[in-house]
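What follows is the residue order along each chain.
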Amino acid sequence: MNAVTPDTQVADPRGMSGIEQLRYAFDPERPERGPGIGRTLGFTVIEIEEGRVVFGGHPDESVYNPIGTVHGGYAATLLDSAVGCAVHSTLKAGQGYTTLELKVAYHKALTKETGPVRAEGRVIQAGRRAAFAEGRLVDGKGVVYATATSTLLVFER
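The following paragraphs examine the structure supplied in this document. Worth saying up front: this structure is predicted, and the values here are computed from it rather than measured.

**Concerning the nonpolar core**
Counting residues in each nonpolar core, the largest one holds 21 residues, and the members touching the most others are Phe-55, Tyr-74, Leu-78, Leu-110 and Leu-137. For this core, the secondary-structure elements that each account for two or more residues are strand S1 (43-49), strand S2 (52-57), helix H3 (72-88), strand S4 (117-126) and strand S6 (144-156). Ignoring any residue separated from it by four or fewer positions in sequence, one finds Leu-110 in contact with Thr-69, Val-70, Tyr-74, Ala-75, Val-117, Leu-137 and Tyr-145. Leu-91, Ala-131, Ala-133 and Val-154 belong to the second largest nonpolar core, which has 7 residues in total.

Right under this line is the structure:
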């Protein structure tokens with residue numbers, strides 16, 4: 001049952017496929033619905049399709065580390081979100097997932113001068129129990145700042 005109550009405005013995800021859950025969670029008509037980590041770090045979903053999700057953000061000094069560049073956790077979080085949601089988009093109703101491994105390679109330092117960035121996650125292979133995804137974090141010119149690979153466990157709820 002996909003019950004949405006007026007007081008909570010939260011859907012029961014058990015009857016929804018993964019892509020339906022994502023489209024509901026990131027409904028542009030209800031921007032307050034997106035996960036809190038996006039609000040905290042200032043990023044949002046740009047594209048959702050089965051097996052592919054893109055997040056976008058614009059790093060500023062609020063995510064800097066002590067050496068004067070964007071903290072690596074910002075890139076890692078964007079990439080983890082993109083690859084995880086890419087896998088989420090392939091789930092059937094009643095399935096869940098969790099990240100088993102995330103490997104991030106940092107190619108170039110991000111700064112506030114980098115401008116807007118996009119983290120694109122794509123599913124490489126999704127099976128009954130495991131899924132594999134990859135991601136790239138790029139700027140508006142296509143310059144690669146970080147890449148990631150991820151292994152995720154798929155389970156029945």
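**Structural notes on helix H1 (residues 18-25)**
Inspection of H1 places Gly-18, Ile-19, Gln-21, Leu-22 and Tyr-24 among the buried residues, and these make up the whole buried set. If you follow the buried residues of H1, they end up packed against S1, S2 and H3.

**Section: the environment of Leu-137**
Locating Leu-137 in the fold gives a position in strand S5 (residues 130-139). Leu-137 sits 16 residues away from Gly-121 along the chain, and the two C-alpha atoms are 9.0 Å apart. Once residues within four sequence positions are removed from consideration, Leu-137 is found in contact with Ala-75, Leu-78, Leu-79, Leu-110, Val-117, Arg-118, Ala-119, Val-143, Val-144, Tyr-145 and Ala-146.

**Examining the pattern of salt bridges**
Close approach of charged atoms allows side chains with opposite charge to pair. Tallied over the entire structure, the rule returns 6 salt bridges. Residue Glu-47 pairs with Arg-52 through a salt bridge whose shortest N-O separation is 2.6 Å. Accessibility expressed as a relative area gives 11% for Arg-52, which makes it buried. For Glu-120, the salt bridge identified is with Arg-122, shortest N-O distance 2.7 Å. Residue Arg-122 is classed as partly exposed on the basis of its relative accessible area, which comes to 40%. Among the ionic contacts, a cluster of salt bridges with common partners joins Glu-47, Glu-49, Arg-52, Arg-118, Glu-120 and Arg-122.

**Quick word on the side chain of Ser-81**
For Ser-81, the position within the fold is in helix H3. Within polar-contact distance, the side chain of Ser-81 engages the backbone oxygen of Thr-77 at 2.9 Å. Once residues lying within four places of it in the same chain are set aside, the contact partners of Ser-81 are Phe-43 and Phe-55.

**Things to note about H3**
The periodicity of an α-helix, 3.6 residues per turn, causes residues three or four places apart in sequence to face the same way. The first and last C-alpha atoms of H3 sit 24 Å apart over 17 residues, in line with the 24 Å expected at 1.5 Å per residue. Counting buried positions along H3 gives 13 out of 17 residues, so the element sits mostly inside the fold.

**Description of the packing of aromatic side chains**
Counted by the stated rule, this structure contains 2 aromatic pairs. Judged by centre distance (5.8 Å) and plane angle (80 degrees), the ring pair of Phe-26 and Phe-55 falls under edge-to-face. One end of the pair, Phe-26, is in the loop between H1 and helix H2 (36-41); the other, Phe-55, is in strand S2, and 29 residues separate them in sequence. The same class applies to Phe-26 as to Phe-55, namely buried.

About the thresholds
- Residues numbered from 1 in each chain as written.
- Predicted model: local features only at pLDDT ≥ 70, side-chain atom pairs only at ≥ 80, totals over all residues.
- Heavy atoms only, no water.
- Core = buried A, V, L, I, M, F, W, Y, C linked by side-chain atoms within 4.5 Å.
- Buried < 20%, exposed > 50% of the residue type's maximum accessible area, 1.4 Å probe, protein only.
- Helix = DSSP H or I, 4+ residues; strand = E, 2+ residues; numbered from the N terminus.
- Contact = heavy atoms within 4.5 Å.
- Salt bridge = Lys/Arg side-chain N within 4 Å of Asp/Glu carboxyl O.
- Polar contact = N/O pair within 3.5 Å; in protein donor to acceptor, adjacent residues only side chain to side chain.
- Expected span 1.5 Å × (residues − 1).
- Phe/Tyr/Trp six-rings, centres within 6.5 Å; stacked < 30°, edge-to-face > 60°.

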